[in-house]
Amino acid sequence: MSAATCPEPTPAERARSVLSAAGSLTVTTHGHRVELIGLHTVDAAARLLLQNPPDAHLAAELAMAPHGDLAALVEFTDIAPVAVRDRVRARLTLGGWLTALGPKALVFNTARAVLTEDDGTTTIVLDELTLASPDPLATHEAEMLARLDAAHADTVAPLTRLLPPRLQLGASDVRPLRLDRHGLVLRVETPDAHHDARLPFAAQATHPGEAVRQFHLLLARATARPRRRRLPTRS
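Throughout this description, residue numbers start from 1 for each chain and increase along the sequence as written. Owing to the predicted nature of the model, reporting of local features is limited to residues with pLDDT of at least 70; listing and counting of side-chain atom pairs is limited to 80 or more, with chain, interface and lining totals taken over all residues. Water and hydrogen atoms were dropped before computing side-chain values, which therefore reflect all heavy atoms in the structure.

**Let's talk about the UniProt feature "domain: DUF2470" (unreviewed entry) in the protein**
And then number 1: Under the UniProt annotation, "domain: DUF2470" (unreviewed entry) lies at residues 142-211.
And then number 2: Overall, residues 142-211 shows 30% helix and 34% strand. The separation of its end C-alpha atoms is 13 Å. UniProt positions are given in the numbering used here, feature names are shortened, and annotations may be inferred rather than shown by experiment. Every helix listed is a DSSP run of H or I at least four residues long, and every strand listed is a run of E at least two residues long, numbered separately from the N terminus.

Structural data, given as structure tokens:
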């Protein structure tokens, strides 16, 4: 399967996955910039529901807003759960406004969504963001990638046989970078650069158990191939 036809999540789906898996976010208003850890949820319409932070700056600023809403930027940073070069996988920035939702909560109404990744920046149409679903592996991805990386010699190293020869040559390290229902992405590092390569699953994984099964199918394909050269292993 070529890179052009290899299935992968859409930008809207990747944004919803970032929203689903994120444990923290940063809110910036005209008067304050505050990081909220474990104080948000996302509803089915991709609205952010925020608990008032302990310092109450946002609630106080909102109370002074002339029309009952407060312009704000909300930023999410998606960081790879394993130690790769350049661990920031994506940044999601939402522009909109905060309004009160009862005495202890706020709701963020999104007016603009921008996803920035290695290959560029995408402005996501709000209807697409609302209709998209997070990847079914999004909230399990960090744990699953960490387990793959911990068993590197038995899991990741054999998979490098499925990479194009041009990516294998000169590689100093290969690590798992992403996991979604469509497949696994490896980060191939050379001494002065890195490249990402997607290994597609034979079928979409709708839950972690199916992802494990699909991964083992990938591993079987890899181990059936002859080894071209000694590939990098973790020190």
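**Remarks on the environment of Ala15**
And then number 1: Along the polypeptide, Ala15 turns up in helix α1 (residues 11-21).
And then number 2: Along the sequence, Ala15 and Ala90 sit 75 residues apart, while their C-alpha atoms lie 8.9 Å from each other.
And then number 3: Whether two residues are in contact is decided by their heavy atoms, any of which lying within 4.5 Å being enough. If we skip the residues at most four places from it in the chain, Ala15 touches Leu92, Leu115, Ile124 and Leu129.

**Focus: the sheet that holds strand β10 (residues 183-190)**
And then number 1: In this analysis, strands are considered paired if DSSP registers two or more bridges between them. Strands sit in the order β9-β10-β11 across an open sheet of 3 strands; the sheet is antiparallel. Looking at which strands have only one partner, the edges of the open sheet turn out to be β9 (173-180) and β11 (193-200). The average angle at which neighbouring strand axes cross in this sheet is 25 degrees, direction not considered.
And then number 2: Sheet topology places β9 next to β10; 7 bridges connect them, and they run antiparallel. To define axes, lines are fitted to C-alpha atoms, for helices over the stretch in contact only, and angles between the resulting N-to-C directions are given on a 0 to 180 degree scale.

**Structural notes on the pairing of β10**
And then number 1: Counting buried positions along β10 yields 8 of 8 residues, so the element is predominantly enclosed.
And then number 2: Counting the residues between successive antiparallel strands, the hairpin from β9 to β10 contains 2 residues.
And then number 3: Where β10 lies against β11, 8 bridges are found, and the strand directions are antiparallel. Paired with Leu184 across the bridge in β11 is Leu199.
And then number 4: Two successive antiparallel strands, β10 and β11, enclose a turn made up of 2 residues. Only protein chains enter the area calculation, which uses a 1.4 Å probe; residues under 20% of their type maximum are buried, those over 50% are exposed, and those in between are partly exposed.

**Side note on the side chain of Glu13**
And then number 1: Structurally, Glu13 can be placed in helix α1.
And then number 2: When sequence neighbours within four positions are dropped, the list of residues in contact with Glu13 reads Ala132, Ser133, Pro134 and Arg181.

**Here we look at the nonpolar core**
And then number 1: Among the buried residues, those of types Ala, Val, Leu, Ile, Met, Phe, Trp, Tyr and Cys that are joined through side-chain atoms within 4.5 Å form a nonpolar core. Counting residues in hydrophobic clusters, the biggest one holds 30 residues, and the most contacted among them are Val27, Phe76, Leu94 and Leu98.
And then number 2: Looking at this core, the elements that each hand over two or more residues are α1, β1 (24-28), β2 (33-37), β4 (48-51), α2 (57-64), β5 (69-79), β6 (88-100) and β7 (105-117).
And then number 3: Beyond its immediate chain neighbours, meaning those up to four positions away, Leu98 contacts Val27, Leu50, Leu58, Leu62, Gly68, Asp69, Leu70, Ala72, Leu106, Val107 and Phe108.
And then number 4: Core analysis: the second largest hydrophobic core is formed by 24 residues, Leu137, Leu145, Val156 and Leu159 among them.

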